Amino acid sequence: MDERILRLQEEIKKELSDAKDLASIDQLRVSYLGKKGSITSLLKGMKTLAAEQRKAFGADVNKLKDSAAKMIEERAAELKKKQIELEISAMPRFDISSPVSGDAGSYHPITLVQRQCEVIFRSMGFTVEDYPEVVTDYECFESVNIPKHHPARDMQDTYYLENGQLLKSQTSAAQNAILRKYGPALKEKGVPIKAIFPGRCFRNEATDACHENTFFQMEGMMVDKNISISNLIYFMKTMLSEVFRKDIKVRLRPGFFPFVEPGFELDISCLICGGEGCPSCKHSGWLELCPCGMIHPNVLREGGIDPDEYTGFAFGLGLTRLAMMKYGVKDIRDLNSGSLRSLSQFTDDE
Ligand code: FA5
């Protein structure tokens, strides 16, 4: 092999092992493989060789070019790895076992009651579902028996996107999807549909001590053969006694929602004023907490379930109001205030 090739090969090896950073590697790449680099110049100088030498020399230089490119890449990768390791070792260490210093933070009261309700319903065989906040008119209204221009829409004016979608005004927007998701197992294997779905809702309305424009609800549904109002009342009672762990006064009265028949309003005696009347309960002594009812045949049918064969109940628990009552928060707006002084005083009592 030509002596110049052997010399260059040794030189590259040495310079690469001496290189300390990626910038020097780049310089080496240019000085050997660049347009005016040493290896490129060897190739260019071939034309001065005799024809019989040219072939072998060209092949050797090309081999050198390939091995130089490979060595450069390997050394660059090695230095890059070292650089990353160095950066990692310079990062501050986070020891999860060390005691908290300063403010530990806490869960939001709505998160606390939501989790509590999830535990209660899971223990009774319900699945917990998640659902988007941006939905279609069909999901929020039409699929739950509220056609366009139905007066029930007036109570749930919400925020519309330019593409026609909307911020869901009620968790009932997920009912149709749940029926479609679990309907096949109900029909084919007789597995009852038992699901809850907590979520944030939005309404374009004037706010006061018990109304927010952004609040949480938790929907629940159960569908099977022979489900009746007694099942509904049993689950409502169990949920409330587990959440409050004390006797609370509730009342059930007729209520109209196009997606249930019959429909009820479940109110609880205001725990802020003890039923005397205050701004938190609009001076009525009662707070609307969890409307509910037997799922309307049209809703079941729209979800692919035969209402002649199956029945079910649904409820729409006001999670934000539940947090108000459970933690004695007088004004619902405090819950969205972001004020750590108010919110950090609540803890999970489980
Ligand atoms: C509904 O949203 C129905 N989708 C509930 C339902 C589901 C009925 C399934 C039957 C079967 P309503 O608009 O009343 O209903 O709201 C339900 C609960 O959400 C209320 O009782 C209340 O606790 C809470 N809520 C409603 N609007 C607000 C608001 N602006 N601020 C805070 N909580 C609210």
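Preceding block: the structure.
None of these values were measured; they are calculated from a predicted model.

What follows covers helix α1 (residues 3–18). With 16 residues, α1 extends 23 Å between its outermost C-alpha atoms, agreeing within 8% with the 22 Å of an ideal straight helix rising 1.5 Å per residue. Of the residues making up α1, those classed as buried are I5, L8, I12 and L16. The buried residues of α1 occupy one face: seen down the axis, they fall within an arc of 60°. Within α1, the exposed residues directed more than 90 degrees away from the buried face are E3 and K14. The secondary structure elements touched by the buried residues of α1 are α2 (22–33), α3 (38–44) and α4 (51–90).

The subject of this paragraph is the layout of surface pockets. The calculated volume of the largest pocket comes to roughly 930 Å³. R203, E265, E288, P291 and R321 are the residues nearest the centre of the largest pocket, which is lined by 41 residues in total. Tallying contributions element by element places strand β10 (residues 311–318) first for the lining of the largest pocket, with five residues. Class assignment for the residues of the lining of the largest pocket results in 21 nonpolar, nine polar and eleven charged.

Moving on to the site of the ligand. In the neighbourhood of the ligand, 25 residues make up the surrounding shell, with Q170, S172, R203, E205 and E212 lying closest. Within the side chain of Q170, one N or O atom sits 2.6 Å away from a nitrogen atom of the ligand. Between the ligand and E288 there is a distance of 3.1 Å, counted from an oxygen atom to a backbone nitrogen or oxygen. Protein chains shield 96% of the accessible area of the ligand, which is 670 Å² for the free molecule. When atoms are counted within 2 Å of each cavity's grid points, the one that captures over half of the ligand is the largest pocket. Broken down by secondary-structure element, the contributors of at least two residues to the shell around the ligand are β5 (214–224) and β10. Ranked by residue count, the leading element in the shell around the ligand is β10, at four residues. In terms of residue class, the shell around the ligand is made up of eleven nonpolar, eight polar and six charged.

Applying the stated criterion to the full structure yields 19 salt bridges. Here K225 makes a salt bridge to E309, at a shortest N to O gap of 3.4 Å. Placement of the pair is K225 in the loop between β5 and α8 (229–244) and E309 in the loop between α9 (297–302) and β10, with a sequence separation of 84 residues. Taking relative accessible area as the criterion, K225 reaches 43% and is therefore assigned partly exposed. With a relative accessible area of 39%, E309 lands in the partly exposed category. Salt bridges sharing partners connect three or more residues here, namely D137, E142, K148 and R153.

Here the structure, examined in full by the defined rule, presents six aromatic pairs. Ring centres of F235 and F313 lie 5.7 Å apart, and the angle between their planes is 40°; this geometry places the pair in the tilted category. Of this pair, F235 sits in helix α8 while F313 sits in strand β10; the two residues are 78 residues apart in sequence, bridging distant segments of the chain. Overall, the relative accessible area of 8% leaves F235 in the buried class. Judged by its relative accessible area of 0%, F313 is buried.

This brings us to the side chain of D137. Looking at the element boundaries, D137 is found in helix α6 (residues 137–140). Taking relative accessible area as the criterion, D137 reaches 13% and is therefore assigned buried. There is a polar contact of 2.8 Å between the side chain of D137 and the side chain of R153. When sequence neighbours within four positions are dropped, the list of residues in contact with D137 reads E142, K148, R153 and L166.

Criteria and cut-off values
- Residues numbered from 1 in each chain as written.
- Predicted model: local features only at pLDDT ≥ 70, side-chain atom pairs only at ≥ 80, totals over all residues.
- Heavy atoms only, no water.
- Helix = DSSP H or I, 4+ residues; strand = E, 2+ residues; numbered from the N terminus.
- Expected span 1.5 Å × (residues − 1).
- Buried < 20%, exposed > 50% of the residue type's maximum accessible area, 1.4 Å probe, protein only.
- Arc of directions from axis to C-beta.
- Contact = heavy atoms within 4.5 Å.
- 1 Å grid on protein atoms, 1.4 Å probe; cavity = no way out; pocket = protein on both sides within 12 Å on 5 of 7 lines; lining within 4 Å.
- Points joined across faces, edges and corners; volume = space filled by probe spheres on them.
- Nonpolar A, V, L, I, M, F, W, Y, C, P; charged D, E, K, R; others polar.
- Near = heavy atom within 4 Å.
- Polar contact = N/O pair within 3.5 Å; in protein donor to acceptor, adjacent residues only side chain to side chain.
- Areas by Shrake-Rupley, 256 points an atom, 1.4 Å probe, with all protein chains shown as cover.
- Sits in = over half its atoms within 2 Å of the grid points.
- Salt bridge = Lys/Arg side-chain N within 4 Å of Asp/Glu carboxyl O.
- Phe/Tyr/Trp six-rings, centres within 6.5 Å; stacked < 30°, edge-to-face > 60°.

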